[in-house]
Structures are given as C-alpha cells and as structure tokens.
Amino acid sequence: MSYSTADSFRPVTLDDVRGAQKMLSGVARATAMEGSRHLSQMVGAPVHLKCENLQRTGSFKLRGAYVRIAGLLPEERAAGVVAASAGNHAQGVALASSLLGVRSTVFMPKGAPLPKVSATRDYGAEVRLHGQVVDETLAAAQEYAAGTGAVFIHPFDHPDVIAGQGTVGLEILEQCPEVRTILVGIGGGGLAAGIAVAVKSVRPDVRVVGVQAAGAAAYPPSLAAGRPVTVDNPATMADGIKVGRPGDVPFGIIGELVDEVRTVSEDELSAALLLCLERAKLVVEPAGASPVAALLSDPGAFEGPVVAVLSGGNVDPVLMERVLRHGMAAQGRYLAVRLRLTDRPGALAALLGALSVVDANVLDVSHVRTDPRLGLTEAEVELHLETKGPAHCAEVGQALREAGYIVIG
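Since the model is a prediction, treat every value here as computed from it, not as a measurement.

J.: What's the story with the overall build of the protein in this structure? I'm lost.
T.: Counting its secondary structure elements, the protein contains 16 helices and 14 strands. Its C-alpha atoms give the protein a radius of gyration of 24 Å, near enough to 22 Å, the size a compact globule of 409 residues would have. Reported as C-alpha extents along the three principal axes, the dimensions of the protein are approximately 80 × 50 × 40 Å. Taking the contacts inside the protein whose residues are at least 6 apart along the sequence as the reference set, 73% of them involve residues at least 24 apart. Carbon and sulfur atoms make up 52% of the accessible area of the protein, which amounts to about 17100 Å² in all.

J.: Looking at this model, I keep getting lost on the confidence of the model for the protein. Mind explaining?
T.: Detailed reading of the predicted model is not advised wherever pLDDT is low. Overall, the predicted model of the protein reaches an average pLDDT of 89, with 94% of residues at or above 70. Scored below 50 in pLDDT, residues 1–6 makes twelve contacts in the model with residues more than four places away or belonging to other chains.

J.: Where do I start with the pattern of salt bridges in this structure?
T.: Side chains bearing opposite charge may pair, as long as their charged atoms lie close to each other. A complete count under the given rule lists 14 salt bridges for this structure. The residue R128 makes a salt bridge to E126 at a minimum N-O spacing of 3.0 Å. A salt bridge links D205 to R180; its shortest N-O distance comes to 2.6 Å. Here D205 is found in the loop between α9 (190–202) and β8 (207–213), whereas its partner R180 is found in the loop between α8 (159–175) and β7 (181–185), with 25 residues between them in sequence. For R180, a relative accessible area of 26% translates into the label partly exposed. The structure contains a network of salt bridges with shared partners spanning K50, E52, R63 and E171.

J.: How do you make sense of unusual backbone geometry when you look at a structure like this?
T.: Glycine aside, negative phi is the norm for most residues, and most peptide bonds take the trans geometry. In the segment running from G304 into P305, the intervening peptide bond is cis, with an omega of 0°. Along the polypeptide, P305 turns up in the loop between α13 (290–297) and β10 (306–310). In this model, N233 sits at a positive phi of 50°, which is unusual for a non-glycine residue. Its location among the elements puts N233 in the loop between α10 (219–225) and α11 (248–257). A residue is classified by how much of its surface remains accessible, and N233, at 71% relative accessible area, is exposed. Of note in the backbone geometry, K281 takes a positive phi value of approximately 60° without being a glycine. By the element assignment, K281 lies in the loop between α12 (266–279) and α13. Classification of K281 by relative accessible area gives exposed; the value is 64%.

J.: How should the packing of helix α1 (residues 14–23) against α8 be read in this particular structure?
T.: To describe two helices that pack against each other, one gives the angle between their axes and the distance between the axes. Running from N to C, α1 and α8 cross one another at 85°; their axes reach a closest spacing of 8 Å. By the angle between their axes, α1 is roughly perpendicular relative to α8. In contact with L14, D16, V17, R18, A20 and Q21 of α1, α8 contributes A163, G164, G166, T167, L170, E171 and E174. Classifying every residue of the contact of α1 with α8 by side-chain character gives five nonpolar, four polar and four charged.

J.: When you look at α9 in this model, what are you seeing that I'm missing?
T.: Along an α-helix, residues three or four positions apart point the same way, because every turn accommodates 3.6 residues. Taking 1.5 Å per residue, 13 residues should reach 18 Å; α9 reaches 19 Å between its end C-alpha atoms and fits that length. Packed against the buried residues of α9 are α1, α8, β7, β8, α11 and β10.

J.: Sorry, what's going on with the nonpolar core here?
T.: What tends to happen in soluble globular proteins is that the nonpolar side chains get buried as a cluster. Core analysis: the biggest nonpolar cluster contains 63 residues, and I69 and I182 have the highest contact counts within it. Ranked by residue count, the leading element in this core is α9, at eight residues. Those residues in contact with I182, other than ones at most four positions away along the chain, are I172, I195, V199, V206, R207, V208, V209, V307 and V309. If you look at the next biggest cluster of nonpolar residues, it comprises 39 residues, including V211, M237, A287 and M328.

J.: Quick question: what am I supposed to make of the sheet that holds strand β6 (residues 151–152) here?
T.: The strands making up a sheet associate through backbone hydrogen bonding, with each pair oriented either parallel or antiparallel. The parallel open sheet is built from four strands, whose spatial order is β5-β4-β3-β6. Strand pairing shows two members of the sheet lacking a second neighbour, β5 (126–129) and β6, which therefore form its edges. Here strand β4 (residues 104–108) runs beside β5; their pairing, made up of four bridges, is parallel. Looking at the pairing, M108 lines up with L129 of β5.

J.: It is not clear to me how the sheet that holds β10 should be interpreted in this structure. Could you clarify?
T.: Across the sheet, which stays open at both edges, the six strands sit in the order β1-β2-β10-β7-β8-β9 with mixed pairing between neighbours. At either end of the open sheet lies a strand with only one pairing partner, and these are β1 (33–35) and β9 (260–264). Along the sheet, successive strands turn relative to each other by an average axial angle of 25°, direction set aside. Bridging between β7 and β8 involves five bridges; their strand directions are parallel. Bridging across to β8, G185 finds its partner in V211. Where α8 meets the sheet, it contacts β1, β2 (47–51), β7 and β10, and its direction lies at approximately 140° from that of β2. Running at roughly 90° to β9, α12 makes contact with β8, β9 and β10 of the sheet.

J.: Help me understand the environment of G169, please; the structure alone is not making it clear to me.
T.: Within the secondary structure layout, G169 lies in helix α8. For the pair formed by G169 and L183, sequence separation is 14 residues and the distance between their alpha carbons is 11 Å. Not counting residues up to four positions away in its chain, the partners in contact with G169 are I195, A198 and V199.

What counts as what
- Residues numbered from 1 in each chain as written.
- Predicted model: local features only at pLDDT ≥ 70, side-chain atom pairs only at ≥ 80, totals over all residues.
- Heavy atoms only, no water.
- Helix = DSSP H or I, 4+ residues; strand = E, 2+ residues; numbered from the N terminus.
- Rg over C-alpha atoms; globule rule 2.2 N^0.38 Å.
- Contact = heavy atoms within 4.5 Å.
- Areas by Shrake-Rupley, 256 points an atom, 1.4 Å probe, with all protein chains shown as cover.
- pLDDT = per-residue confidence, 0-100.
- Salt bridge = Lys/Arg side-chain N within 4 Å of Asp/Glu carboxyl O.
- Buried < 20%, exposed > 50% of the residue type's maximum accessible area, 1.4 Å probe, protein only.
- Axes fitted to C-alpha atoms, helices over the stretch in contact; angles between N-to-C directions.
- Parallel < 35°, antiparallel > 145°, perpendicular 65-115°, else oblique.
- Nonpolar A, V, L, I, M, F, W, Y, C, P; charged D, E, K, R; others polar.
- Expected span 1.5 Å × (residues − 1).
- Core = buried A, V, L, I, M, F, W, Y, C linked by side-chain atoms within 4.5 Å.
- Pairing = 2+ DSSP bridges.

Structure below.
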C-alpha cells in the first residue's frame, strides 16, 4: 500500500540533495566518520563508520522530515502535520515540526518502547497511541489527515524526504573522498535511495550496497519482479528496517542506482551490534548495525575504502539486553545449559565447582525442586554462563558429562 500523491513521483536530483543540504545547515549535524581498525583488518581495507546514531534525535530521520515540512506551503503548515512511526521517524517529525513552528501529531503503536514515546513528546509532538502494529498506526494517521487536513509526512515515500536523507551521501563524499563502497540499511528505502542519488551523480564508480534483515527483506523479491512486492508478516529485531513493502519512489531509484541488496541474519545483526558497542564504543540499534552485519557475514566481498552507515542508535534498553545476550551466544560467549542432579546438600556447590575448573563464569542459576517431571530425589538446574568462544562451550559440556551430570538442554 502506498501513501504517495501524484507530486511524490517527481524525480530526485543532485540539485535537490544539495538544496536540502543548504536547508539543513545549522539544523542537522554533519555526523562524525570513525575509522574501525578491527573491521579494516577483517576486510583487508580501510573501513569507516558514518555515525548517524549521533545525529539529533538519534537517527538520520530528522534530515528528511525537516526538508519535507520546510517545503510545505503556508496554508499546509497552518493545518499541521501528522506521522506514524514506532520510533525514529516519530522523533524526527516531532523535532523538525518544533523547529519550524508547525503543530505535529504522531501516531505510535501501543507497544512502542516508552523511551521513544517520551522522547517524541519531549520534542513537542502530540502522541496518540493506536494499534498493535505499524500498519494499524499508519491507517489511523491517514484517517486523521483526511479528517483534519493535516499533511501526512511519509517516512520514506516522498522526494523531499529522499533528498533530505541524501545529504548523508554528500557528507560521505566530503569526509571520505576515496570511498569505493558504501553499505546502508534498507527498510522502505528512503535513506539508500537518497545516498544513491547523491553519490552516483558525483561518483558513479562508487558501489552502493543495500542491506536488509532476512526476515523482512522486501527488496530482493521486488527487484526480481520489477515492482514493489509485499512481504507478509516481516519479522526481525531490527524494527527500523522492518518494512513489508518498498516505497514506490525509493524503489525506482534503488532499482536503477543501487548495485546490490544483501540480507543478513538475526545472529549477524546481534553480533554486529555487540561489535559496535565493544570495539567502536558506539551504541547502535539493530537496524543501524545492519551494514556492519553485512561486513561480518562476507568481509572479502567489498572493495575498500568502505563506509558503513550506522543509521540510528535509538535502542530500547530491554531490547539491548536481549540482543547483547543473543550476540554473545552467537559468538559462543554465552551458554545456557539445563541439567538434573541429585537433590542433596552440597550438590549445587559441587556443580559450581566443576564449572570453576573449566573457568566458566556463572551469570545466573535457576534451581527447581518441585516439578512433576522430576523424581523424588532430583532437582533441575538451569545455568547461564559466560564463556570464551565455541571451543570453550564444547569444553564446558565435556567437563559436565565427565563429572557425571546429565545435560538435558
């Protein structure tokens, strides 16, 4: 389903992006470009991180939202704007509207993370919680726009939004003029389309690679079909790129200018987020870490220098904890084991002693004695362990078996 108007299908040009850059002067930050020695060693060429996670509101979305709202006619501004988002676009529209003196209403799903809801309100928007999924929230925002005359600000399917996001591409060329490959996450496609317009217009030799989460990858089948195709029930931890259908406007640009679209797994996303935190000291949300995930999955596939766009850093603390544990497990640094032992004094101490011999750090212990599955003298223990890699995990399992414990999970 598209929310574009007829005006939305005008082409996006380099002049549009340059005009957006002038408009955003003093509004959006020219975010830092950080080198990554660890990733450079993996790839065999310089790798730089474009830190849009350090942008105002914590993501690139402010750029496109501001350009779109600034381009409204006076009577349109007077009617106010409305948007629908679970987080980053919501905050971008809220701040852009406040800076421009425009009233904003933002619809968010009822399950949206509280920090994102609070931040959107703090930036000046009236927040309305509606629906359980973003599609329901979008429908409510569209209904509000039709009933009030407020202008709907689409998160990616409008030339002004794409031009605003394209300013990231101009900054990359200024900060890393020798760049050969740019990796960027794709949801609806606004950021990738904008970067492609800006970069390919100046440096057609630069390879632009889009990255999608495998569980929400609408672009590969869409590009194969030659038209936007809807992926039912997209599922990924990377909510910033969890979009079931490409935008009509960015789809045309990406099909023409983006060289390749790759997909990454949930394990690769969590490992990338963990790497950004540990090695680069950068808090990045799963969607923002998707370009790094692509580097981890196939480091030899990209000609350097490489720029990976970290598109956002608005990660819910609860999700961050889960993702970090997932990432540690994927790297063999976190192990959960369940086993049975005789329920007698000292049994648990003996088990922990066996683990200390192989230097496994116990993070959490769950001890169950009353369960119909257990015998009269049995207890079940679940242990969460910090380990040092796959070989160490195997060593822990072998040590438990040699000590006579029955590992059941």
